[in-house]
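What follows is the residue order along each chain.
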Amino acid sequence: MAGHIVLAPDKFKGSLTAQQAARAMAQGVWRADPTATAIACPVADGGEGTLDAVVAAGFERVPARVAGPTGAAVDTAYARMGVRAIVEMADVCGLQRLPSATPAPMTATSYGLGSVVAQALDDGCRDIVITLGGSASTDGGAGMLMALGARVLDDDGSPVGPGGRGLAEAARLDLSGLHPAVSECAFTLAADVDSPLCGPHGAAIVYGPQKGAEGDQVVALDRALCRWADVVDVATRTDCRQAPGAGAAGGVGFAAVAVLGARMRPGIEMVLDLVGLDRNLLGAKVVVTGEGSLDLQSLRGKAPIGVSRRAHKHGVPAFAVAGVSTLTSTQARAARFAAVRTLHEIEPDLQRCTTHAADLLSIVTERLIRESTPHEGENT
């Protein structure tokens, strides 16, 4: 395996899954050098596509049918290896699961996430990783806790409604019915958000608008999260509202830390460990990563940057291929990319870059490999 090429792309959103991108890259590698050994290691950053990435790495996909963010049933899954389970929130009740892509900022719930976690517990899993990217809800994780057996009650002792709107009526958290296996389980949250639960840098004000909340709705959601923090404080005798990552996934981070005893880890770092990137980098000649768009947001913890940093630690050159890139040469060097190539360089029509992404990705990868890895016996 010495001198092999590692292909570790994230998804090209709207065009290719990470697995499809890796296959397209592999075609390019083999055209450039039929003798090359290419190892596919699709990656993700903790959001959409994480489940597929860990299944491609050898985890078993376990089907689940639960409530999506608005209560409608969705067919999802978790990934399992031994007693470890990986649950991707985006696939269960994330923005991609909103019916007709219609936001529901006040009523979207994390209940389905808790349902999948409960199924994993029932199946004997005791090491549960929850990836928090791409959530549709701002319910402070109350829905997740309800699905795990907790009760969130109003002043009259009745269960509150779903989402942040229901959270505004929360007066008491009853944990007496919490799933008994919770106390036997280690929970890890994979998230790239370090914001607190509420306040000017919290879940509602910073991320609420991305989930469709406007004006007064943002204010109401923040107020509801503050109320919820007080309720959880009383029930758990701990105040986690300012904990880094408490605001992740609309406050799921807060509930998981305060009630489930979860610990936080950066999403991309957790996923790269799960898919075994370091193992694949041992003895590698180069690694090729990428995603649909490389931009300033990519520099704040997206998958290709994480891959590049890991490759640098192993002394392996990292090349990036994207649909488009707005990174300057200085930014690309700071991200430790040996080079950045784009589909747009060979196809000016952005629509065709989307519809013909696989073919274009193969061509760009082929050119990149020819440029960067001379064949055995060629002059270097």
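- As annotated in an unreviewed UniProt entry, the chain is Glycerate kinase from Mycobacterium saskatchewanense.
- UniProt annotates the chain under Sequence similarities (unreviewed entry) with the comment "Belongs to the glycerate kinase type-1 family."

## Section: the sheet that holds strand E2 (residues 38-40)
Moving on, step 1. Spatial ordering of the open sheet is given by E2-E1-E11-E12-E13, a layout of five strands whose pairing is parallel. Two strands bound the open sheet, and with one partner strand each, they are E2 and strand E13 (337-342). Each strand of the sheet is rotated relative to its neighbour by a mean of 25°, with strand direction disregarded.
Moving on, step 2. Examined bridge by bridge, strand E1 (residues 5-9) and strand E11 (residues 286-294) share five bridges and lie parallel to one another. Bridge assignment links isoleucine 5 to a residue of E11, and that residue is valine 286.
Moving on, step 3. Against the sheet, helix H1 (residues 18-32) touches E1, E2, E11 and strand E12 (318-325), its axis set at about 150° to E1.
Moving on, step 4. Contacts between helix H15 (residues 357-372) and the sheet are confined to E1, E11, E12 and E13, with E12 contributing the most and set at about 145° to the helix.

## Focus on the pairing of E1
As a general feature of sheets, a regular strand has side chains that alternate between the two faces.
Moving on, step 1. Burial runs high along E1: five of the five residues are buried.
Moving on, step 2. Taking every second residue as pointing to the same face, both faces of E1 are buried, with Ile5, Leu7 and Pro9 on one and Val6 and Ala8 on the other.
Moving on, step 3. As paired strands, E1 and E2 are joined by three bridges and run parallel to one another. Residue pairing in the sheet places valine 6 in a bridge with isoleucine 39 of E2.
Moving on, step 4. At this point the chain moves from E1, through H1, to the parallel E2, and the crossover so formed is right-handed.

## Considering the nonpolar core
Moving on, step 1. In this structure, Ile128, Leu132, Met144, Phe187, Trp228, Phe254 and Leu260 are the most contacted members of the largest nonpolar core, which totals 63 residues.
Moving on, step 2. Ranked by the residues each element gives to this core, the list is headed by helix H8 (residues 216-236), at eight residues.
Moving on, step 3. The contact partners of phenylalanine 254, leaving out residues within four places of it in the chain, are Gly140, Leu197, Trp228, Ala229, Val232, Cys240, Arg241, Gly245 and Ala246.

## Considering the state of the cysteines
Moving on, step 1. For the structure on display, the rule yields zero disulfides.
Moving on, step 2. The thiol sulfur of cysteine 125 is not disulfide-bonded, and the nearest other cysteine sulfur, from cysteine 185, lies at 8.1 Å.
Moving on, step 3. By relative accessible area, cysteine 125 is classed as buried at 0%.

## Points about the side chain of arginine 241
Moving on, step 1. Following the sequence through the fold, arginine 241 ends up in the loop between H8 and helix H9 (252-260).
Moving on, step 2. In this structure arginine 241 comes out as buried when scored by relative accessible area, which is 15%.
Moving on, step 3. There is a polar contact of 2.8 Å between the side chain of arginine 241 and the side chain of aspartate 239.
Moving on, step 4. Not counting residues up to four positions away in its chain, the partners in contact with arginine 241 are Pro196, Leu197, Cys198, Cys226, Ala229, Asp230, Asp233, Ala246 and Phe254.

Calculation notes
Residues numbered from 1 in each chain as written. Predicted model: local features only at pLDDT ≥ 70, side-chain atom pairs only at ≥ 80, totals over all residues. Heavy atoms only, no water. UniProt positions renumbered as here; feature names shortened; annotations may be inferred. Pairing = 2+ DSSP bridges. Helix = DSSP H or I, 4+ residues; strand = E, 2+ residues; numbered from the N terminus. Axes fitted to C-alpha atoms, helices over the stretch in contact; angles between N-to-C directions. Contact = heavy atoms within 4.5 Å. Buried < 20%, exposed > 50% of the residue type's maximum accessible area, 1.4 Å probe, protein only. Right-handed = clockwise from strand over helix to strand, strands pointing away. Core = buried A, V, L, I, M, F, W, Y, C linked by side-chain atoms within 4.5 Å. Disulfide = S-S within 2.5 Å. Polar contact = N/O pair within 3.5 Å; in protein donor to acceptor, adjacent residues only side chain to side chain.

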